[in-house]
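Overview (structure and organization)
Spelled out, the chains give:
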Amino acid sequence: MKPVTINFRSKAAQTLADAQIQQSIEHVYTGFFKGRLLAAAETDNWEDLRTKGKAIKDHTIAHLDYYLGMLADSVEKNGGRVFFAADAAEARQYIIDLAHKRNIKTVIKSKSMVSEEMGLAEAMNTEGFETVETDLGEYIIQLANETPYHLIAPAVHKSRSDVAKLLDDDYKDGDRIPDATELTMMARKKLRGVFERADMSVTGVNFAVAESGSIALVTNEGNGRMSTTVPRVHVAVMGMEKIIPSIQDLSTMLRILIRSATGQRISTYVTMVNGSRKFDEEEGPEEFHLVIMDNGRQKLLEDPQMRESLNCIRCGACLNACPVYRKVGGHAYGWVYPGPIGAIVSPVMTGVKDASNLPSASSLCGACHDACPVKINIPRMLLELRWRTAEGSTDKDERTSSAKERGIWKAWRVGMMGRKRFDIGSRLANLAMRPLAKNGWLKKAPPPISGWTSTRDFPTISARSLKSKLSKRSKGGK
Ligand code: SF4
């Protein structure tokens, strides 16, 4: 699994200092966040839909083995092949081997966070296949050699002139900035030829329907439909949680996904794929493969405190609602999944130690919980992960706190649990702080608590408690 290597603090500081990115990511609030509220208000039963969506996902995740088996049978009945991959490396290898066996030259990709998780485009390019993203945002990110910034808007941080520079080698600062339609036409012109010569496609999966073996893809650009009909081989990749039992469930899930993601009532395209082309059909791939990847999801499934995160339908609403994401941006989260949901799944999937800053990158305001169409209680899980990094749960390896830090908090807890101990502790703390404080304020605390005063002053702890001051006053003292 790709390790989390980016330091949250330094990456967040860079983004905070970048006025252009700050302006660009504001769109997630003005566009997506407000759009979701309007789209939800249009339905007179939004809360019922959310409750229904949560019930569908709770039920499916509780019976995941059963529904995965049913999905595999249904896909095979439709003429497709199913491959279960334990991790990203296995999934990549399956697709690369298949491409070699079928003598593939050009692979087109439609937007898929799971393929990002696999590092698929990079691996396929290294193997010598021409691999091109066809979602406009993903294409821009591929040209910029970056990772997606947002679950549904990978290039939301790019300005129009950034995009023009990436799409047009001759474009220079100072030239007229093309409008969005012109930029789209520039990308379209470049991508047309790729679609025509592609002999394999890799797409994501928004929902896989167990009873019918259908794959639902939600797009606004039509690239998903082109990718699933033009090349002779179609490979769909999904995390094992992207499953729902029935077509009836799909109607609920599409309503909440699309409204929560872009604020649309329905996306421009909803493509349903039912295996490979049948003998009486004129269009469609000759071969259909479904790659179902675990890659750490089993860990989430086995963890009763974290299992709920598998209900995620990757709509991005929690990112748009999050005051932290809207300032620090997507790259600060270091791995494929940014924002509040990324702060939960990344630590569990990649290891808490490697992503220990992420659970603390939240004000715990609860906006993500309110926004989530399947009611995932993100703040509860963030608190659980904070506890694990501080204290360590059953797995001591999850701890990132030092023995000294734990010792300080232990002493604090003991001190807070008795009146006398509290009073003595306050007096001792006051004595320790006095030589370092000025006019009652500590400006620079010593290690290991120096972080507390890095951005604010700390008032010296009073030698006497409020209770003793009040009792003195009631006895006539000052
Ligand atoms: S946690 Fe909820 S709001 Fe966030 S991406 Fe997943 S489904 Fe959407």
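Parameters at a glance
Residues numbered from 1 in each chain as written. Predicted model: local features only at pLDDT ≥ 70, side-chain atom pairs only at ≥ 80, totals over all residues. Heavy atoms only, no water. 1 Å grid on protein atoms, 1.4 Å probe; cavity = no way out; pocket = protein on both sides within 12 Å on 5 of 7 lines; lining within 4 Å. Points joined across faces, edges and corners; volume = space filled by probe spheres on them. Helix = DSSP H or I, 4+ residues; strand = E, 2+ residues; numbered from the N terminus. Nonpolar A, V, L, I, M, F, W, Y, C, P; charged D, E, K, R; others polar. Contact = heavy atoms within 4.5 Å. Domains from an automatic or database assignment. Near = heavy atom within 4 Å. Sits in = over half its atoms within 2 Å of the grid points. Salt bridge = Lys/Arg side-chain N within 4 Å of Asp/Glu carboxyl O. Pairing = 2+ DSSP bridges. Axes fitted to C-alpha atoms, helices over the stretch in contact; angles between N-to-C directions. Core = buried A, V, L, I, M, F, W, Y, C linked by side-chain atoms within 4.5 Å. Buried < 20%, exposed > 50% of the residue type's maximum accessible area, 1.4 Å probe, protein only. Phe/Tyr/Trp six-rings, centres within 6.5 Å; stacked < 30°, edge-to-face > 60°. Expected span 1.5 Å × (residues − 1). Patch = residues over 30% accessible without salt bridge, like charges linked within 9 Å, V, L, I, M, F, W, Y side chains within 5 Å. Areas by Shrake-Rupley, 256 points an atom, 1.4 Å probe, with all protein chains shown as cover. Polar contact = N/O pair within 3.5 Å; in protein donor to acceptor, adjacent residues only side chain to side chain.

Here the largest pocket is characterised by a volume of approximately 1,200 Å³. The element that contributes the greatest number of residues to the lining of the largest pocket is helix H13 (residues 247–262), accounting for 4 residues. The residue makeup of the lining of the largest pocket, split by class, is 24 nonpolar, 16 polar and 9 charged.

Attention now moves to the side chain of Asn 311. In this structure, Asn 311 sits in the loop between helix H14 (297–302) and helix H15 (317–321). The contact partners of Asn 311, leaving out residues within four places of it in the chain, are Lys 54, Lys 57, Asp 58, Ile 61, Val 374 and Ile 376.

Moving on, we get to the domain arrangement of the protein chain. As assigned here, the protein chain comprises domain 1 (54–297) and domain 2 (403–474). Taking only C-alpha atoms, the centre of domain 1 and the centre of domain 2 are 55 Å apart.

Moving on, we get to empty space enclosed by the protein. Summed over the entire model, instances satisfying the criterion amount to 3 cavities of 30 Å³ or more. The space that makes up the largest cavity amounts to roughly 100 Å³. Lining the largest cavity are 17 residues, and of these Cys 322, Pro 340, Ser 362, Cys 368 and Leu 382 sit closest to its centre. For the lining of the largest cavity, the secondary-structure elements that each account for two or more residues are helix H17 (339–350) and helix H18 (367–371).

The subject of this paragraph is the site of the ligand. In the neighbourhood of the ligand, 14 residues make up the surrounding shell, with Cys 312, Cys 315, Gly 316, Cys 318 and Cys 372 lying closest. The pocket occupied by the ligand, as judged from atoms lying within 2 Å of grid points, is the second largest cavity. Residue classes in the shell around the ligand are distributed as 12 nonpolar, 1 polar and 1 charged.

Opposite charge on two side chains allows them to pair when their charged atoms are near. Under the defined criterion, the tally for this structure stands at 19 salt bridges. For Arg 197, the salt bridge goes to Glu 130, with nearest N and O atoms at 2.7 Å. Taken together, the positions of Arg 197 in helix H11 (residues 180–197) and Glu 130 in strand E3 (residues 130–133) put the pair 67 residues apart, joining distant regions of the chain.

This part covers the sheet that holds strand E1 (residues 81–85). Here 6 strands make up an open sheet; going across it, the order is E1-E10-E7-E4-E2-E3 and the pairing parallel. Edge positions in the open sheet fall to E1 and E3, since each of these has one partner strand only. Shown here is a sheet whose adjacent strand axes are inclined to one another by a mean of 20 degrees, direction ignored.

Another aspect to go through is the nonpolar core. The nonpolar side chains of soluble globular proteins are, as a tendency, buried together. In terms of nonpolar packing, the biggest core is built from 109 residues, with Ile 95, Met 118 and Leu 290 touching the most fellow members. With near-sequence residues (within four places) excluded, Ile 95 lies in contact with Met 118, Leu 120, Met 124, Met 200, Val 202, Val 235, Val 237 and Val 291. Residues Ile 140, Ala 164, Tyr 171 and Ala 198 belong to the second largest nonpolar core, which totals 16 residues.

Here we come to unusual backbone geometry. Look at Asn 103: it is not a glycine, yet its phi comes out positive at around 60 degrees. When you line up the elements, Asn 103 lands in the loop between helix H6 (88–101) and strand E2 (106–109).

Scanning all chains against the criterion turns up 9 aromatic pairs. Ring centres of Tyr 29 and Phe 33 lie 5.0 Å apart, and the angle between their planes is 20 degrees; this geometry places the pair in the stacked category. Highlighted residues: Tyr 29 and Phe 33, both in helix H3 (residues 27–42), separated by 4 residues, approximately one helical turn. Exposure remark for Phe 33: the relative accessible area of 16% places this residue in the buried category.

Let us look at helix H21 (residues 419–433). The end-to-end C-alpha distance of H21, which contains 15 residues, comes to 21 Å, matching closely the 21 Å that a straight helix rising 1.5 Å per residue would cover. Those residues of H21 that are buried lie in contact with strand E11 (437–438), strand E12 (441–442) and strand E13 (458–459).

Looking now at a nonpolar patch on the surface. Nonpolar side chains collect at one region of the surface, where Ile 408, Trp 409, Trp 412, Met 416, Met 417, Phe 422, Ile 449 and Trp 452 lie side by side and expose about 830 Å² of accessible area between them. Top contributing element to the nonpolar patch by residue count: helix H20 (residues 403–416), with 4 residues. Turning to its location among the elements, Trp 409 is positioned in helix H20.

So, on to H6. Turn by turn, an α-helix covers 3.6 residues, leaving residues three or four places apart pointing in a common direction. With 14 residues, H6 ought to run about 20 Å at 1.5 Å a step, and its terminal C-alpha atoms sit 20 Å apart, in line with that. Here H6 has its buried residues at Ala 88, Ala 91, Tyr 94, Ile 95, Ile 96, Leu 98 and Ala 99. The secondary structure elements touched by the buried residues of H6 are E1, helix H7 (113–118), helix H8 (120–126), strand E4 (200–203), strand E7 (233–239) and strand E10 (287–293). Its side-chain oxygen 3.3 Å from the backbone nitrogen of Ala 89, Asp 87 forms the N-cap of H6. Residue Asn 103 follows H6 closely and has a positive phi angle near 60 degrees.

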